[in-house]
Amino acid sequence: MVVNPAVTPSVAISANPGNTICAGASVTFTAVPTNGGASPSYQWKVNGVNAGTNSTTFTTTTLTNGQAVTCVMTSNAACVSPITATSNSITMTVNPTVTPTISISANPGSTICAGASVTFTAVPTNGGPVPTYQWKVNGTNVGTNSTTFTSTTLTNGQIVTCVLTSNATCASPSTATSNGITMTVNPILVPDVTISANPGNTICAGTSVTFTAAPVNGGVTPVYQWQVNGGNVGTNSNTFTSTTLSNGQQVRCIMTTNVTCPSKIFDTSNVVIMTVNSLLTPAVTISIFSG
């Protein structure tokens, strides 16, 4: 008699890339039998429901969080008892897929004066614990890997964006591009004002003289302050009229601009020095000569 010993079958399974995956990821389970015989058969199960084929491997992309995968092996080894064995159970952790996004804002805003400092701030969503940032101006890389980007060299029409690379679990896709901020950069304007006198700066005492201010870069509603010898006179107007000027008095105008992006707020005009001649009374005398 040849008496073969009784053998006990067993099977162990493993998962590649592991039991923690992202939703929709492909996982391959592999069975390693013991005492399976020359041609064992395999029945894979997900939560106890038959799945897969009669194979040492089972691949799926449809697992959900908490599902348990097992394999039942039927052995055809000699003297096997029992003939079936159930593997270890692998419980899956399936993380949902998240979509990273990013939005940026500009402080003090997208409309600035040339040379002004602007700070852009990025606000990520699903960026993960350590996201990376690449700032761009007109598509060219600038700045550093930071949530902020500051510049004083922007020009009119340039567009600022930021590309976020997420390291969040199951981020798909891993990168996201922010909204674009188109910059309006106004040039620096130099305000200037000049005045002229009509009928001129040489008059007779009591003559009416009208001074007119000609502004450059004064804005929509500049403010005018007329002065005679440094004392304020007149009204907020681009003209000033007087009949009381005296010889040697100096007239000027100080303009306050409200133009966008002025190089200075005030400008003082040229000075008009008045020559005021005294009124003369004509007279004539006659004499008699005897012959």
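A brief structural summary. Just so you know, these numbers come straight off a predicted model, no measurement behind them.

The rules behind these values
- Residues numbered from 1 in each chain as written.
- Predicted model: local features only at pLDDT ≥ 70, side-chain atom pairs only at ≥ 80, totals over all residues.
- Heavy atoms only, no water.
- Pairing = 2+ DSSP bridges.
- Helix = DSSP H or I, 4+ residues; strand = E, 2+ residues; numbered from the N terminus.
- Axes fitted to C-alpha atoms, helices over the stretch in contact; angles between N-to-C directions.
- Disulfide = S-S within 2.5 Å.
- Buried < 20%, exposed > 50% of the residue type's maximum accessible area, 1.4 Å probe, protein only.

## Let's talk about the sheet that holds strand E16 (residues 148–151)
- Taken in spatial order, the three strands make up an open sheet running E11-E13-E16, and their pairing is antiparallel. Two strands bound the open sheet, and with one partner strand each, they are strand E11 (101–107) and E16. Sheet twist, expressed as the average angle between the axes of neighbouring strands with direction ignored, equals 20°.
- In this structure, strand E13 (residues 118–125) lies alongside E16, joined through four bridges in antiparallel fashion. Residue pairing for E16: Thr-119 is matched across the bridge by Thr-150.

## Section: the state of the cysteines
- All told, the structure shown has two disulfides when counted by the stated rule.
- One disulfide in the model links Cys-113 with Cys-261; its S-S distance is 1.9 Å. Where Cys-113 bonds to Cys-261 through sulfur, the torsion about that S-S bond is close to -90°, and the disulfide is left-handed. Separated by 148 residues along the polypeptide, Cys-113 in strand E12 (residues 111–113) and Cys-261 in the loop between strand E27 (250–256) and strand E28 (266–268) bring together distant segments of the chain.
- Taking the relative accessible area as the measure of exposure, Cys-261 reaches 5% and is therefore buried.
- For the protein, the bonded cysteines connect in the pattern 1-3, 2-4 when numbered consecutively along the sequence.

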